[in-house]
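Observations on the three-dimensional arrangement
Residues per chain, in single letters:
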Amino acid sequence: MNTIDYTKEPILVEGDRTLKQIDDAIVAPLDRIPNIKFFIAIGFTLTLLLIGAVALGLSFYYGTGLWGNNNPVGWALPIVNFVFWVGIGHAGTLISAILFLFRQRWRNGIARFAEAMTIFAVITALIFPLIHTGRPWVAAVYLLPYPNQHSVWVNFTSPLLWDVFAVSTYFTVSFVFWYVGLIPDFAVLRDRAKGQIKKIIYSIFSLGWRFSNRHWQHYEMTYLILAGLATPLVLSVHTIVSFDFAVSIIPGWHTTIFPPYFVAGAIFSGFAMVQNALIVIRKVFDMKDLIPLNTLETMNKIILLTGTMVGYAYVMEFFIAWYSGSQPEYFTFVNRAFGPYAWAYWIMFSCNVFSPQLFWVKKFRRNIPLMFILAVFVNVGMWFERFVITITSLSRDFLPSSWGHYYPTLTDFAILLGSFGLFFTLVLIFVRILPAVSIAEIKAVAEGAQPTHHGGENHE
Amino acid sequence: MSKKLFSLAAIFDKPNDIMHAADSIASDGYTKYDVNTPYPVHGMDGAMKLKPSRLGYFTISIGLTFMSLMLYFMYWVNNIDYPQVIGGKPFFPLPALVPILFEVTVLTGAVLTVVIMIVFFFKFPNNSHPLHDSDYIKDVSSDKYGLYIESDDPKFDLDKIKTRFKELGASRIDEIYWDEEEVKTVNRIMEPKFVIGLILIAGFTSFSAYMHLNKLLYITPFDWMMTQHKVSAQQKSDFFEDGFAMREPVMGSVARGFIPYAFKDDIQGAEQNLLNSLPATEENLKLGKKKYLTFCSPCHGDFGKGDSRLKGQFPNGPTIHSDKVVNWSDGMLYHVITVGQNSMPGYEKQINNKERWAIVHYIRTLQRAFNAEDGDLQ
């Protein structure tokens, strides 16, 4: 077993490359015609996307009766999927904003990719509440406070409207953050471009960036401000998503632990998704030096931490349900663990609580196939967490006379598959057409890139 | 033709060199110079003696401004424009508005900071700067560190700066010129490419608007549920044996409030037996007037003088002030309204029982008014 010195910050860019070689390594996937692996992968994701698109088309034409949604389980799979995908997005902002504020320099190699995943995950997530309205092409009328002659406004005190504001703000700010990070990289691409058309496109998106230090100064300030704004924003988004549940009075939802528990769960699943995708990308595009094993190990530690927090929340929920003495509350939790949806509950519990605990062992943290499988488990578990929360509470609330049972239909599953297809198609296209690692940021943390102490001034 | 010099630029290979060079050039008193590095180099702001960025002040003032505007907007919606009790909460439930206030602050603060940075601090987008496409920028965008002094600088002296750069350890020194295109200040708004582009955009916009408003909105499922799986009245339906979608009422059904009329073919009976049991109150007279003006006045005239408003398109109704009509009994008037007379149709279906009697009252009032006696004024 090789020993790792944890007392020093590990080298962030391995392989002793020069800055020029770093450029080449990052830009390589953009310049060459992709290999067969890429086409197989995108063919697979496009197939999933097509399945989802067909299912959605049928749902629009015949109506939402094709889904399993019923009374009392009106929210059902669309909301489960929405919460799942929004949660996936949170890891990206955590990496790009919170770790930036904490000066975690290892984030530089994965920040761009994680931010892109945030944007794609939020796009995927936004589909679900929109289709859940039944007629998404007029959803803007329901969701936005638009001026009209009837003075009919949205209800500003509703958690569902908070959600509209939170998720759209989250998307916009993430996108702006991402684009600001891309400006210098577009300029690098512009200066490397051989073809005329490529050059024009990159010039337009680079806005004419000149790497001027007078610009870098404001640029870094803006980056800091955006990170400072995005940090409370990312915490607020899943808090508000949890308010959709917690502000209602349904047993199992009406709990104050929901906001922190949802945020921890979101970061948990998001990190698992980023880790999965990074393992694939560094393999397919030969970026093992830019995304070193040390980074993946650090991510596994965060998965372990947030997974333990989520496990604590599960147990504490149960305890409070008993301790509160509220009969419907207690019933709901017993019903979750031993009722008709017990299978979902135990899939959730074993995937989320037990599997990340293996990361206490250093050997497992640094074993790529194993960590990949564990992260897949985490995502399966986190999807089931949302399923358990949404479905069990709605299907059996206070009045036994209004109980009902819910199963998703084939169309529901097809749309879920389609959402994975959309997400991974966007990820693959992104890696193909934009630098998946931030060129400017990774160069800034390469060996010898920064002046030695005192700015290299000669003290004669 | 001599090109216009923009600047003299030096390339350095090591971050330490550029730090030293920037520090020295700033100390020499040059003002129009800049350092270009592939990534932000730590401590460069200090070496160039730049003031800290003021962008943060913009962010906070924008965020707070929009937060206040949003707060007022929500107050206006809930308290002024359409006050509405929601969930028994007050009209201005401040805690419930906090999430939206927060989101609006972050959204406007973040987006407008970036816009201000790009547009006002950087003067971007600007793709016609002389540095673009030079070897210099291709180097500093990758792995070199550059410093240039503009020819506009008051202390600019080509040879002096060249020696200074060499002294500081520059690995290459470039002279950067303005592009011909960039110096030209011709108005290019009428260029065919631009004009054709505008026409294409206009064409596309009109076409898509037309298709959207005239075609798309009539296709299922965008047609506001116009196509539905149900049968409408007057439609054919295979479900019933008779092929009609609309059902007839059960035999013997009577509509609510229906009173059969006993003297349909018995004008004598009506004249002798029917009496107006409706009291001649002000309310009933008003009802009679209203119904008279609606149903009777087009042919008989507003005051019953037989002055039709139809101007000969339809036979004029006779006056109701003739001796014949004045001498009719109430029952006779009622009968004529109900079943009609000569070319006048019956109004049984349109005017109900009570209203017909109210009209009779009103006709009597009109007749009295036209043949008033002396004592009536009292």
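Residues numbered from 1 in each chain as written. Chains lettered and ligands numbered in written order. Predicted model: local features only at pLDDT ≥ 70, side-chain atom pairs only at ≥ 80, totals over all residues. Heavy atoms only, no water.

1. A word on the overall build of chain A
Looking only at helices and strands, one finds 16 helices and zero strands in chain A. Referenced to the eigenvectors of the C-alpha coordinate spread, the extents of chain A come out at roughly 85 × 60 × 45 Å. In chain A, 81% of the contacts between residues at least 6 apart in sequence involve partners at least 24 apart. Counting only carbon and sulfur atoms, one obtains 70% of the accessible surface of chain A, whose full area is about 18,800 Å². Averaging the coordinates of the 30 positive side-chain charges in chain A and doing the same for the 25 negative ones gives two points 6 Å apart. (Helix = DSSP H or I, 4+ residues; strand = E, 2+ residues; numbered from the N terminus. Contact = heavy atoms within 4.5 Å. Areas by Shrake-Rupley, 256 points an atom, 1.4 Å probe, with all protein chains shown as cover. Lys, Arg positive; Asp, Glu negative; His and termini not counted. Charge placed at Lys NZ, Arg CZ, Asp CG, Glu CD.)

2. Observations regarding the overall build of chain B
From N to C terminus, chain B includes 13 helices and four strands. In summary, chain B has a C-alpha radius of gyration of 46 Å against a globular reference of 21 Å for 378 residues, an excess of more than 25%. Taking the principal axes of the C-alpha coordinates as reference, chain B spans close to 135 × 55 × 50 Å. Counting the 378 residues in chain B, one finds 36% classified as buried. For chain B, the proportion of contacts with a sequence separation of at least 24, taken over those separated by at least 6, is 65%. When the accessible surface of chain B is summed, it comes to about 23,900 Å², and 60% of that surface belongs to carbon and sulfur atoms. The distance from the centre of the 39 positive side-chain charges to the centre of the 44 negative ones in chain B is 2 Å. (Rg over C-alpha atoms; globule rule 2.2 N^0.38 Å. Buried < 20%, exposed > 50% of the residue type's maximum accessible area, 1.4 Å probe, protein only.)

3. Digging into the pattern of salt bridges
All names here are of chain B. With the rule as written, the count across this model stands at 25 salt bridges over all chains. A salt bridge links Arg 172 to Asp 139, with the nearest nitrogen and oxygen atoms 2.6 Å apart. A residue pair is termed long-range when its members are at least 10 positions apart, and Arg 172 in strand β4 (residues 172-177) and Asp 139 in helix α5 (residues 135-140) qualify at 33 residues. Overall, Asp 139 belongs to the buried group, its relative accessible area being 17%. Where Asp 302 meets Arg 309, a salt bridge forms, and the shortest distance between an N and an O atom there is 2.9 Å. Taking the relative accessible area as the measure of exposure, Asp 302 reaches 33% and is therefore partly exposed. (Salt bridge = Lys/Arg side-chain N within 4 Å of Asp/Glu carboxyl O.)

4. As for the interface of chain B and chain A
Contact with chain B, which involves 73 residues of that partner, is made by 67 residues of chain A. Regarding the contact of chain B and chain A, the summed buried area is about 6,300 Å², with carbon and sulfur atoms giving 65% of it. The tally of links between chain B and chain A comes to two salt bridges. One salt bridge in this structure joins Asp34(B) and Arg214(A), with 4.0 Å as the shortest N-O distance. (Buried area = accessible area lost by both parts, 1.4 Å probe.)

5. Things to note about the packing of helix α3 (residues 76-101) of chain A against helix α6 (residues 159-192) of chain A
Residue and element names in this part refer to chain A. Running from amino to carboxyl end, α3 crosses α6 at an angle of 40 degrees, the nearest separation of the two axes being 12 Å. Between α3 and α6, the angle is such that the two are oblique. Where α3 crosses over α6, the handedness of that crossing is left-handed. Packed against α3, whose contacting residues are Phe 82, Gly 89, His 90, Thr 93, Ser 96 and Ala 97, the element α6 presents Asp 163, Val 167, Tyr 170, Ser 174 and Phe 177 at the interface. For the contact of α3 with α6, the class distribution of residues is five nonpolar, five polar and one charged. (Axes fitted to C-alpha atoms, helices over the stretch in contact; angles between N-to-C directions. Parallel < 35°, antiparallel > 145°, perpendicular 65-115°, else oblique. Left-handed = near helix turned anticlockwise from the far one by under 90°. Nonpolar A, V, L, I, M, F, W, Y, C, P; charged D, E, K, R; others polar.)

6. With respect to the packing of aromatic side chains
All names here are of chain B. A full pass over the atoms with the stated rule returns 76 aromatic pairs over all chains. Arranged with centres 4.1 Å apart and planes meeting at 10 degrees, the rings of Tyr 334 and Trp 357 form a pair that is stacked. One end of the pair, Tyr 334, is in helix α12 (residues 330-339); the other, Trp 357, is in helix α13 (residues 353-370), with 23 residues separating them in the sequence. Here Tyr 334 and Trp 357 have matching classes, each one buried. Its guanidinium or amino end placed over the ring of Phe 240, Arg 247 lies 3.7 Å from that ring's centre, counting from NZ or CZ. (Phe/Tyr/Trp six-rings, centres within 6.5 Å; stacked < 30°, edge-to-face > 60°. Lys NZ or Arg CZ within 6 Å of the ring centre and 35° of its normal.)

7. Looking at the nonpolar core
Residues Phe113(A), Phe387(A) and Leu147(B) are the most contacted members of the largest nonpolar core, which totals 205 residues. It is α6(A) that provides the largest number of residues to this core, a total of 18 residues. In this structure Phe113(A) touches Val274(A), Ala277(A), Leu278(A), Ile281(A), Val427(A), Phe430(A), Val431(A) and Ala436(A), once residues within four positions along its chain are discounted. In this structure, Phe263(B), Val325(B), Tyr334(B) and Tyr362(B) belong to the second largest nonpolar core, which totals 24 residues. (Core = buried A, V, L, I, M, F, W, Y, C linked by side-chain atoms within 4.5 Å.)

8. Brief notes about the confidence of the model for chain B
Looking at chain B as a whole, the pLDDT averages 87, with 98% of positions reaching at least 70. Taken over the whole predicted complex, pTM reads 0.81, whereas the ipTM for its chain interfaces reads 0.91. (pLDDT = per-residue confidence, 0-100.)

9. Notes on the confidence of the model for chain A
Confidence in the prediction for chain A averages 88 pLDDT; 95% of positions are at 70 or higher. Note that pLDDT drops below 50 for residues 455-460 of chain A; the model gives that stretch eight contacts with residues more than four away or on any other chain.

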